[in-house]
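Residue-level structure breakdown
Chain by chain, the residues:
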Amino acid sequence: MGFLEQRREHALALFRIVIGLFFVFHGVQKLSKGFDLFSWPGGPVTLIELIGGGLIIIGLWTRWAALISSGAMAYAYFVVHQPRALLPIENGGELAAVYSWAFLLLVFTGAGAWSIDKLRDAPKKSLAAA
């Protein structure tokens, strides 16, 4: 298992980048359909998908972007999908639920490798070591 543990940060970075890309694509899809950015709650959620997803992709303020994105997807699940039926498979809320949990994972794990957050933390760690 040492082989896998050595690659944990890179696997986490790939997870972050892919989830962020999918999230941005979800927001772009809404915009391409002529979605109204001034409607509630769809407008703010679309902006969160675009901006939050972009921040998550590049790994900038990842934990904050993931926290806000997770909350937006939890809101989407409980307000839009859950009133239709109890389970996500019944109410069409699978994607919102998965996004919410995926982003919550990033809140606790951070960005991983290949991120601006990692670059920003590097000088702090080198100063602490000196």
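Throughout, residues of each chain are indexed from 1 in the direction in which the sequence is written. Where totals are concerned, whole chains, interfaces and linings use all residues; where local detail is concerned, this predicted model gives features only for residues with pLDDT of at least 70, and gives and counts side-chain atom pairs only at 80 or more. Neither water nor hydrogens contribute to the side-chain values; these are computed over all heavy atoms in the structure.

1. Some words on the environment of Ala-111
Our working definition: In this text, helices come from DSSP runs of H or I with a minimum length of four residues, and strands from runs of E with a minimum of two, each type numbered from the N-terminal end. In this analysis, two residues are considered to be in contact whenever any of their non-hydrogen atoms come within 4.5 Å of each other.
Here Ala-111 lies in the loop between α6 (94–109) and α7 (116–129). Sequence separation between Ala-111 and His-10 is 101 residues, and the spatial gap between their C-alpha atoms is 9.7 Å. Those residues in contact with Ala-111 that lie beyond four places of it in its chain are Leu-12, Ala-13, Arg-16, Gly-59, Thr-62 and Asp-117.

2. Section: the pattern of salt bridges
Side chains that differ in sign of charge can pair as their charged atoms come close. So the rule is basically this: Salt-bridge detection follows one rule: a side-chain nitrogen of Lys or Arg within 4 Å of a carboxyl oxygen of Asp or Glu. Relative accessible area decides the class of each residue, using a 1.4 Å probe on protein chains only: under 20% of the type maximum gives buried, over 50% gives exposed, and in between gives partly exposed.
Counted under the stated rule, the structure contains four salt bridges. Note that Lys-118 and Glu-9 form a salt bridge whose closest N and O atoms lie 3.8 Å from each other. Placement of the pair is Lys-118 in helix α7 and Glu-9 in helix α2 (residues 8–32), with a sequence separation of 109 residues. Accessibility expressed as a relative area gives 41% for Lys-118, which makes it partly exposed. By relative accessible area, Glu-9 is classed as partly exposed at 28%. Between Glu-49 and Lys-30 there is a salt bridge whose closest N-O contact spans 3.0 Å. Here Glu-49 is found in helix α3 (residues 42–58), whereas its partner Lys-30 is found in helix α2, with 19 residues between them in sequence.

By themselves, these are just geometric observations and shouldn't be taken as functional.
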